[in-house]
Amino acid sequence: MKICDIDLNLLIIFKQLIIDKSVTRAAEQLNISQPAMSHALKRLRKTFDDELFVRAHQLMEPTPLAMQLADPICEALNALQHAVQINRTFDAQNSEREFVIAMTDIGISLFMPRLMKMLTDIAPRIRIRVVQIGETLIEAMISRSVDLTIGFVPQLQSGFYQRQLFKHDYVCIHRQSHPVSEESITPDIFSKLRHISVVAAHTGHNEINSYFSQAGISREIYLEVPQFSSLFSIVESTDFVAIVPRRLAECYQKNYDIDFFIPPLTLPLIPVNIFWHSRYHKEVGNIWMRNLLVQLFTDYISIAKPSRF
């Protein structure tokens, strides 16, 4: 006999008969009719060429062959049940999983304090490892070296799902006592300011420079830095200014003597999204973390959808 010759449903019925030793009770437990249970028992007997269960003292007692089959069949069904359920539940409270999330330093400032506080309360054993968004991001997400990416990352298109958390705009930060704070900002005044530029590699933030160029607004760039968080101490103590996402400016404004104004150019809103690869769209841990991030940070509901997949 080969395993492919056996109906799995018959093994479930066999297990219930071993437990209940009654056709009637077994039928009730499996929510099937007694005639259907009797028919299944007849098929079991034919499959194994043995009576399997015989009536004795108002019970259906297992035969020696049934006793021999009982342990391996029950263990196999229990293992199969566990395998089916393991892909449908995620025990966050007891999980020791490490989630790897790619983001810029903007994301670390905006997301990590609140996320880590929440994890401490509801999933204290879960660990987070943040990595920079790099040139191998796509390959890393396919191989699950990176579970999720958060931010403004236009290159994650084919094969990736995304869900928008929020949008925000750009502002120009400056020290509070900067002379510009007393002026009405025109394109000409803006062009003459001493600018710091952030070269955030592999993100969409670098597109901002092209918007100014297309509008004919020049900027004198005196310093280029790779991260947004490095700007604020420089801006606070000099006359330099810098273009940053508004939410980041509001976040750092609590700790630095800075202010900001809206640039004299209509810049596009920045979509801040969660990205994940389609291979892990139904992976329960990935789903759980995505839902937690949406719960914590979304401004409004948007529907997850694959991008050009």
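What you see is a predicted model, and the numbers here were worked out from it, not measured in a lab.

Draft legend 1. Summary view of the side chain of H178. Structurally, the position occupied by H178 is in the loop between β7 (170-175) and α7 (187-192). Polar side-chain contacts of H178 include one of 2.9 Å to the backbone nitrogen of V180. Among all residues touching H178, those that are not within four sequence positions of it are L193, D239 and V241.

Draft legend 2. Fine view of the packing of aromatic side chains. All chains considered together, the criterion is met by 12 aromatic pairs. Residues Y161 and W276 carry aromatic rings whose centres are separated by 5.9 Å and whose planes lie at 10° to one another, so their mutual orientation is stacked. Pair noted here: Y161 is in strand β6 (residues 160-168) and W276 is in strand β12 (residues 270-277), with a separation of 115 residues, a long-range link. Residue class for Y161 comes out buried when judged on its relative accessible area of 15%. Classification of W276 as buried rests on a relative accessible area of 2%. Of the aromatic side chains, those joined through ring pairs into one cluster are F90, F99 and W288. Just above the ring of Y280 sits the side chain of R144; from NZ or CZ to the centre is 5.9 Å. R290 extends its terminal NZ or CZ atom over the ring of W276, reaching a point 4.1 Å from the ring centre.

Draft legend 3. Molecular detail of the confidence of the model for the chain. Residues at a pLDDT of 70 or more form 95% of the chain, whose mean pLDDT is 88. A low-confidence stretch, residues 300-309 stays under pLDDT 50, and its non-local contacts, those more than four residues away or across chains, total 25 contacts.

Draft legend 4. Quick look at the pairing of β6. Counting buried positions along β6 gives 8 out of 9 residues, so the element sits mostly inside the fold. Taken together, the 8 bridges between β6 and β12 define a ladder with antiparallel strand orientation. Paired with K167 across the strands is P271, a residue of β12.

Draft legend 5. Representation of the sheet that holds strand β8 (residues 194-198). Strand order in this open sheet of 5 strands is β9-β8-β10-β7-β11, and the pairing throughout is mixed. Either end of the sheet is taken by a strand with one partner, and the two such strands are β9 (220-225) and β11 (258-261). For this sheet, the mean angle separating the axes of adjacent strands, direction not counted, is 35°. Where β7 lies against β11, 4 bridges are found, and the strand directions are antiparallel.

Draft legend 6. Just the environment of P268, in detail. Examined against the element boundaries, P268 turns out to sit in the loop between β11 and β12. The class of P268 is partly exposed, set by a relative accessible area of 31%. For the pair P268 and Y211, spaced 57 residues apart in sequence, the C-alpha to C-alpha distance is 8.9 Å. Among all residues touching P268, those that are not within four sequence positions of it are Y170 and Y211.

Draft legend 7. How the structure looks around helix α11 (residues 284-297). With 14 residues, α11 ought to run about 20 Å at 1.5 Å a step, and its terminal C-alpha atoms sit 20 Å apart, in line with that. A large share of α11 lies buried, amounting to 11 of its 14 residues. N-cap assignment for α11: the residue whose side-chain oxygen lies 2.9 Å from the backbone N of G285 is E283.

Draft legend 8. Spatial organisation of the packing of helix α2 (residues 23-30) against helix α3 (residues 34-48). Interhelical geometry of α2 versus α3 gives an angle of 110° and a closest axis separation of 9 Å. Relative to α3, the element α2 is oriented roughly perpendicular. Contacts between α2 and α3 involve V23, T24, A26, A27 and L30 from the former and Q34, M37, S38 and L41 from the latter.

Draft legend 9. Representation of the pairing of strand β3 (residues 98-102). Within β3, 4 of the 5 residues are buried, leaving the element largely enclosed by the surrounding structure. The pairing of β3 with strand β4 (residues 127-131) spans 5 bridges and is parallel. Bridge pairing in β4 places V100 opposite R129. Here β3 runs beside strand β5 (residues 148-151); their pairing, made up of 2 bridges, is parallel. Note on β5: the bridge partner recorded for A102 is T149.

Rules used throughout
Residues numbered from 1 in each chain as written. Predicted model: local features only at pLDDT ≥ 70, side-chain atom pairs only at ≥ 80, totals over all residues. Heavy atoms only, no water. Helix = DSSP H or I, 4+ residues; strand = E, 2+ residues; numbered from the N terminus. Polar contact = N/O pair within 3.5 Å; in protein donor to acceptor, adjacent residues only side chain to side chain. Contact = heavy atoms within 4.5 Å. Phe/Tyr/Trp six-rings, centres within 6.5 Å; stacked < 30°, edge-to-face > 60°. Buried < 20%, exposed > 50% of the residue type's maximum accessible area, 1.4 Å probe, protein only. Lys NZ or Arg CZ within 6 Å of the ring centre and 35° of its normal. pLDDT = per-residue confidence, 0-100. Pairing = 2+ DSSP bridges. Axes fitted to C-alpha atoms, helices over the stretch in contact; angles between N-to-C directions. Expected span 1.5 Å × (residues − 1). Parallel < 35°, antiparallel > 145°, perpendicular 65-115°, else oblique.

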